[in-house]
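# Inside the fold
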Amino acid sequence: MTVNADVSHDMTLHVRDHCLCLHAQRAARALARRFDDALRPLGLTNGQFSLMMALNRPKPPPMGPVAALLAMDRTTLTAAVKPLSRRGLVLVLPDPRDRRGRRLALTEEGRGLLARALPVWVETHAAVEAGLAGIDADALRAGLKALS
C-alpha cells in the first residue's frame, strides 16, 4: 500500500485556521506573557501566582488535588513549588495522615505577596476581558472548562 506523504497547502491553511489546539496554545501563551509582564515587578510569574492562589485555603492541601487543579503532574508541581519554597513563600509539610504525602501551605510572607499581587491580577484580567469586545467571556470560560 502506497501512502501519499503530501499534504496540500489548502489543508495546511485549514488546520491553521481551525485547529482548536493551536488556537488554545497561542492564546495561552499570549495570556501567560501578558500576566507575566504584569506580575514581574512583584517577582512572580503567572504560574506562580496561580499556584499560590491554589494554596490560599484554610487548611494546607495535599499535593494531588493542587496538581489536578493546575492540570499538572506531581513532578511538575514539585518543581514549581521549589523556587517559591526557597523564597520563603510556600512551606512543604508532611501530611499528618500519611507521612509519605506532602501538604502545601502559604507562609505569612507568601500570603502578603499574594495580597499585593491580587490587585495586579484584577487589573490585568479586567483589561483582557475588555479586549474581548463582542465575545461572551462567560461562554468562553465555559468552553475552556469543557475542554479541560
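Relevant structure appears above.
Let us look at the structure shown here. Just so you know, these numbers come straight off a predicted model, no measurement behind them.

Criteria and thresholds
Residues numbered from 1 in each chain as written. Predicted model: local features only at pLDDT ≥ 70, side-chain atom pairs only at ≥ 80, totals over all residues. Heavy atoms only, no water. Salt bridge = Lys/Arg side-chain N within 4 Å of Asp/Glu carboxyl O. Helix = DSSP H or I, 4+ residues; strand = E, 2+ residues; numbered from the N terminus. Buried < 20%, exposed > 50% of the residue type's maximum accessible area, 1.4 Å probe, protein only. Phe/Tyr/Trp six-rings, centres within 6.5 Å; stacked < 30°, edge-to-face > 60°. Polar contact = N/O pair within 3.5 Å; in protein donor to acceptor, adjacent residues only side chain to side chain.

### Comments concerning the pattern of salt bridges
Scanning the entire structure with this criterion turns up 7 salt bridges. Residue glutamate 129 pairs with arginine 141 through a salt bridge whose shortest N-O separation is 2.7 Å. Residue glutamate 129 is located in helix 6 (residues 108-130), and its partner arginine 141 is located in helix 7 (residues 137-147); the two are separated by 12 residues in the primary sequence. Residue arginine 141 is classed as partly exposed on the basis of its relative accessible area, which comes to 31%. Within this structure, Glu129, Asp138 and Arg141 form a network of salt bridges that share partners.

### As for the packing of aromatic side chains
For any two aromatic rings, the description comes down to two numbers: the centre-to-centre distance and the angle of the planes. What the rule picks out here adds up to 1 aromatic pair. Ring centres 6.3 Å apart and planes at 15 degrees place the aromatic pair phenylalanine 49 and tryptophan 121 in the stacked group. Of this pair, phenylalanine 49 sits in helix 3 (residues 46-55) while tryptophan 121 sits in helix 6; the two residues are 72 residues apart in sequence, bridging distant segments of the chain.

### What about the side chain of arginine 103?
Inspection of the secondary structure puts arginine 103 in strand 2 (residues 102-106). What makes arginine 103 buried here is its relative accessible area of 16%. Separated by 2.7 Å, the side chain of arginine 103 and the backbone oxygen of proline 60 make a polar contact.

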